[in-house]
Amino acid sequence: QNGVELFINGSNYFPEMKNMIKNAKESIDLETYMFHNDSAGNSTAYLLAKKAAGLEGDENKTSISSNSANGVKVKVIFNSWQGKLDYGKESEEVFIRAMEKVKDEIHKSSFPPDQKEKAIENLEKNLKYKFFTDGILRSDHRKVFVVDGLEATVGGMNMGSQYLSSDAYHDVMLKISGPEVRSVHKEFLENWFEFNNLPQPSKEEFVDPERMREVFF
């Protein structure tokens with residue numbers, strides 16, 4: 001009952017991941033070890049910020065999304081890299097800059113004032129991130145990406161340009177659609193609740209897709 005597709009190397013995976021982000025309607029959940037301060041990391045964070053604000057995922061214009069005008073709920077987990085807090089802060093700054101860039105684009109847009117206010121409100125409400133700081137002996141090394149609870153990818157690629165360079169790392173990501181996505185999503189959500197010191201949902205909430213949508217989206 002599941003669809004499975006392999007994406008070999010970043011040159012194939014990153015365009016697919018960005019298309020999944022652009023097409024998201026309700027939620028985007030991303031867990032990675034490294035979120036690099038480079039062109040790939042910054043462009044991904046910028047696209048996530050636009051979707052959170054309720055904008056189309058187009059780098060060349062600022063327009064309201066046709067399928068998610070109220071914004072997409074975005075949750076991102078990244079590790080603090082070898083347990084060093086400063087490395088986590090470097091990744092956090094990528095998101096701070098992305099949010100400021102999107103806010104600046106909204107202010108400069110031709111939107112009426114109430115629409116500008118709404119887009120900024122969406123951005124601040126919908127984009128949440130957490131970096132894991134429990135040290136090198138308890139690292140979060142997973143790479144999990146789930147869109148709308150309907151599609152997911154897992155594999156070995158971090159968010160960075162080293163997967164796209166001329167001497168790029170050789171790596172693989174697996175895209176899944178179908179019931180198995182709920183299992184992948186559950187793994188992300190368990191970490192999200194734990195790392196944010198929130199009570200874990202019940203087993204029934206995780207198993208029931210409609211309840212998951214109600215609680216987590």
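Our subject is the structure listed above.
An account of the accompanying structure is given in this report.

Scoring rules and cut-offs
- Chains are numbered independently. Their residues run from 1 in the order of the written sequence.
- In view of the model being predicted, local features appear only for residues whose pLDDT reaches at least 70, and side-chain atom pairs are presented and counted only at 80 or more, with totals across whole chains, interfaces and linings using the full set of residues.
- As a rule here, side-chain values come from all non-hydrogen atoms in the structure, and water together with hydrogens is ignored.
- Think of it this way: any DSSP run of H or I at least four residues long counts as a helix, any run of E at least two long counts as a strand, and we number them from the N terminus.
- For a helix, the expected span equals 1.5 Å multiplied by the residue count minus one.
- We call a residue buried when its accessible area falls under 20% of the maximum for its residue type, exposed when it is over 50%, and partly exposed in between, using a 1.4 Å probe and counting protein chains only.
- Within 3.5 Å is the distance limit for a polar contact, defined as a pair of N or O atoms, with the added protein rule that one can donate a hydrogen and the other accept it, and that residues adjacent in sequence qualify only through two side-chain atoms.
- In short, DSSP must find at least two bridges between two strands for them to pair.
- The convention used is that axes are lines fitted to C-alpha atoms, helices contributing only their stretch in contact, and that angles between N-to-C directions extend from 0 to 180 degrees.
- Here, two residues are considered to be in contact whenever any of their heavy atoms come within 4.5 Å of each other.
- Classification of ring pairs rests on two measures: the distance between centres of Phe, Tyr or Trp rings, Trp counted by its six-membered ring, which must be within 6.5 Å, and the angle between planes, read as stacked under 30 degrees, edge-to-face over 60 and tilted in between.
- Here, a charge over a ring means that NZ of Lys or CZ of Arg falls within 6 Å of the ring centre while also lying within 35 degrees of the ring normal.
- Handedness of each helix crossing follows the sense of rotation of the near helix against the far helix: counterclockwise by less than a right angle gives left-handed, clockwise gives right-handed.
- Charged residues are taken to be Asp, Glu, Lys and Arg, nonpolar residues to be Ala, Val, Leu, Ile, Met, Phe, Trp, Tyr, Cys and Pro, and polar residues to be all remaining types, Gly included.

## Quick look at helix α2 (residues 39–53)
The periodicity of an α-helix, 3.6 residues per turn, causes residues three or four places apart in sequence to face the same way. Compared with the 21 Å implied by 1.5 Å per residue over 15 residues, the 21 Å span of α2 between its first and last C-alpha is a close match. Within α2, 13 of the 15 residues are buried, which leaves it mostly tucked inside the rest of the structure. Backbone nitrogen of A40 and a side-chain oxygen of the N-cap are separated by 3.2 Å at the start of α2; the cap is D38. Just downstream of α2 lies G54, where phi reads positive at about 85 degrees.

## Here's the deal with the sheet that holds strand β2 (residues 27–32)
The pairing of strands in a sheet happens through backbone hydrogen bonds and is either parallel or antiparallel. Taking strand neighbours across the sheet as the criterion, the 7 strands line up as β1-β7-β6-β5-β2-β3-β4 in an open arrangement whose pairing is mixed. Of all the strands in the sheet, just β1 (3–8) and β4 (127–132) have a single pairing partner and so form its edges. Pairs of neighbouring strands in the sheet enclose a mean axial angle of 10 degrees, with direction left out of account. Sheet analysis places strand β5 (residues 144–147) next to strand β6 (residues 151–155), joined by 4 bridges and oriented antiparallel. Across the sheet, the residue bridging to V144 is V154, located in β6. Lying over the sheet, helix α5 (residues 180–195) contacts β2, β3 (73–79), β4, β5, β6 and β7 (172–177), oriented at roughly 70 degrees with respect to β3.

## Structural notes on the packing of aromatic side chains
Summed over the entire model, instances satisfying the criterion amount to 10 aromatic pairs. On the numbers, 6.5 Å between centres and 65 degrees between planes, the contact of F7 with Y13 is edge-to-face. Between the aromatic rings of Y13 and F14, the centroid separation amounts to 5.9 Å while the plane-to-plane angle is 80 degrees, which identifies the pairing as edge-to-face. In this structure Y13 comes out as buried when scored by relative accessible area, which is 1%. Among the aromatic residues, those joined into a ring-pair cluster are F35, F78, F95, Y129 and F131. Stacked on the ring of Y46, the Lys or Arg K101 has its end atom at 4.2 Å from the ring centre.

## Remarks on the packing of α2 against helix α4 (residues 113–126)
Relative to each other, α2 and α4 sit at 115 degrees, their axes nearing to 7 Å. Here α2 runs over α4; the crossing is right-handed. Contacts from A49, A52 and A53 of α2 reach α4 at A119, N122, L123 and N126. Considering only residue class, the contact of α2 with α4 consists of 5 nonpolar, 2 polar and no charged.

## What about the environment of H170?
Within the secondary structure layout, H170 lies in the loop between β6 and β7. Taking the C-alpha atoms as reference points, H170 and I8, separated by 162 residues in sequence, lie 7.7 Å from one another. If near-sequence neighbours (up to four positions away) are discounted, H170 is found in contact with I8 and N9. Within the structure, H170 has its side chain in polar contact with the side chain of N9 (distance 2.9 Å).

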